[in-house]
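Summary of the model geometry
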Amino acid sequence: MSKELIGKPVETLAPLIEKKEISPVELTEAILDHIEKTEGTINAFMEVYREEALENAKKAEEEIANGTYRSMYHGIPMAIKDNVYFKDKVSTMSSKIHKDFVSNHDATVITKLREAGVVFTGKLSMHEYAWGITNNNPHYGAVKNPWNYEKIPGGSSGGSGAAVAVGSTVASLGTDTAGSIRIPSSACGIVGLKQTHGLVSKYGVYPLAWTLDHVGPMTQTVKDAAGLLQIIAGYDKNDPTSVKVPEENYLAQVTGDVKGLVIGINEDYFFHEVDDEIETLVRGAIETLVDQGATTKEVKIPMLKYAEWAELVTSLSEASAIHHSDMLTRPDDFGHDIRMLFELGELPSAVDYLQAQQVRRQLKHEFTKAFDEVDIMIMPTLPVLPNDIGDDWADLNGKKVDLIDNIIRFTGPGNLTGLPGLSVPCGFSKGLPVGLQIMGPAFGEAAILNAGYAFEKTNPMGGKKPALLK
């Protein structure tokens, strides 16, 4: 029975746990054993908390047996990205400089997950300091894509993406500054949600760029993401960017009914310079929603042509400010790739940064106007497929193009505007997963989750699983 539990989503496992048909201990043991089976190939974990996880699973089992069932995630084993703090445990940020850093407090999202009854199984690898999209880490080794071990899993939450895809965690949390939840979710064939900026607290999460950072779910299904968001969302006085908004029941709003939904399509930016097979899959996905009663409308967002520049200036400047002292005193302890980025981040002037914020303000205004006309927008998550580990180039319809510039093109605007974005698996190209991205208005998570669920029900992945899950 325990082997049959691997690769099952929370929405399947939770009712079985609640009805006591399976136990959290049984599930946690199965997951921990699967980590041992897969880790030599995938390299997703920084640390595994085996003994502690089994103790907490036993506690969850006793609580449920005594009639206390806390949430959909009660008794669910989860590993978390290694820039999210656990009290009295090492959080390395997958770096050399912080390899022994121990936090004296839990991140707010961890506190909320503990209260929901989650069983923590360990910490997951990431691109060093979350400043990259390959997860090819110079200190701890590359994380492998479960669908093709020669390919990147995406980043910076590559450990989370790979671990969810291969079944070594049931779900996870990632962080997203230019796409770091949605990129690995697309590359690994899972669901990734970057919610509206301020909806989920970032307190106790090591920053990359203060005004762009988000924390969000990485899961197997849309309902799993909705349930996880329901737990971690909410105002937090410890996070100065946290926003007070009414609580929502996201799960209850995931019905799959998209009749009358108006889907915005931006041809000029989000369907420009896209891999042909990716474009075909995404346009086909839009048609499946139209078949279910949605309609489409083209929208214009002229400031998108400046979005990449504004996002780059903002992220480079803010990230370099955070690491400025270490760059002065111990630059050789950074990986070569991120050290170069921190050096570049010293170059933009105050004028550059402030001009980028003006672009940002205008871009938010144009998106707001667009969402007056449409309910959601749909585009590819990535314009290119995951490339080979160690390669700085991606293939775009036979042309070699810069990997970083291209892979964040369609995700970066969501961070710059703070608008929510959901990546949902959309099928396969050349044996690799393709992601469909759904964006919505501020605090429009329910709408994008519902549209994602409507598409997910069409079974775009055809039941395919990575080899290590078979």
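Residues numbered from 1 in each chain as written. Predicted model: local features only at pLDDT ≥ 70, side-chain atom pairs only at ≥ 80, totals over all residues. Heavy atoms only, no water.

**Description of the sheet that holds strand β9 (residues 262-265)**
Sheet architecture is open: 8 strands sit in the order β6-β8-β7-β14-β15-β11-β9-β10, paired in mixed fashion. Both edges of this open sheet fall to β6 (172-176) and β10 (295-298), since each of them pairs with a single strand only. Between one strand axis and the next, the sheet turns through 30° on average, direction left out of account. With 5 bridges connecting them, β6 and strand β8 (residues 214-219) associate as antiparallel partners. From the neighbouring strand, L173 faces β8, where its bridge partner is P217. (Pairing = 2+ DSSP bridges. Helix = DSSP H or I, 4+ residues; strand = E, 2+ residues; numbered from the N terminus. Axes fitted to C-alpha atoms, helices over the stretch in contact; angles between N-to-C directions.)

**Description of helix α2 (residues 24-42)**
At E36, α2 shows its largest bend, some 35°. Looking at α2, one finds that the buried residues are P24, V25, L27, T28, A30, I31, L32, H34, I35, T38, E39 and I42. Positive phi appears at N43, one or two residues downstream of α2, with a value of about 60°. (Bend = angle between axes of the 7 residues up to and from the residue. Buried < 20%, exposed > 50% of the residue type's maximum accessible area, 1.4 Å probe, protein only.)

**Focus on a nonpolar patch on the surface**
Taken together, the side chains of M340, L344 and L347 present a nonpolar region at the surface, about 290 Å² in accessible area. Within the element layout of this structure, M340 appears in helix α12 (residues 336-344). According to the relative accessible area criterion, M340 is partly exposed, its value standing at 42%. (Patch = residues over 30% accessible without salt bridge, like charges linked within 9 Å, V, L, I, M, F, W, Y side chains within 5 Å. Areas by Shrake-Rupley, 256 points an atom, 1.4 Å probe, with all protein chains shown as cover. Salt bridge = Lys/Arg side-chain N within 4 Å of Asp/Glu carboxyl O.)

**Describing the pattern of salt bridges**
With the rule as written, the count across this model stands at 21 salt bridges. For K19, the salt bridge identified is with E21, shortest N-O distance 3.9 Å. Overlapping salt bridges bring together D33, E36 and R50 as one network.

**As for the nonpolar core**
Judged by nonpolar contacts, the single largest core of 118 residues is most densely connected at Y73, L113, F270, F367, M377 and L449. Y73 has contacts with V10, M78, A116, G117, V118, A171, T219, D224, G227, L228 and I231, leaving out every residue within four places of it along the chain. In terms of nonpolar packing, the next biggest core, distinct from the first, is built from 16 residues, Y129, A130, A319 and L341 among them. (Core = buried A, V, L, I, M, F, W, Y, C linked by side-chain atoms within 4.5 Å. Contact = heavy atoms within 4.5 Å.)

**A closer look at a negative patch on the surface**
Together, E308, D392, D402 and D405 make up a region of like negative charge exposed at the surface. In this structure, D405 sits in helix α14 (residues 403-407). (Lys, Arg positive; Asp, Glu negative; His and termini not counted. Charge placed at Lys NZ, Arg CZ, Asp CG, Glu CD.)

**What about the sheet that holds strand β1 (residues 45-48)?**
Taken in spatial order, the 3 strands make up an open sheet running β1-β3-β2, and their pairing is mixed. Across the chains shown, the open sheet's two edge strands, defined by having one partner strand only, are β1 and β2 (77-81). Going from strand to strand, the sheet's axes swing by 35° on average, the running direction of each strand aside. Pairing of β2 with strand β3 (residues 119-124) involves 5 bridges; the strand directions are parallel. Paired with A79 across the strands is G122, a residue of β3. Helix-sheet contacts for α2 involve β1, β2 and β3, and the interaxial angle to β1 is about 135°. Helix α3 (residues 50-65) rests against β1 and β3 of the sheet, and its axis sits at about 155° to β3.

Note that all results are geometric; they support no functional claim without further evidence.
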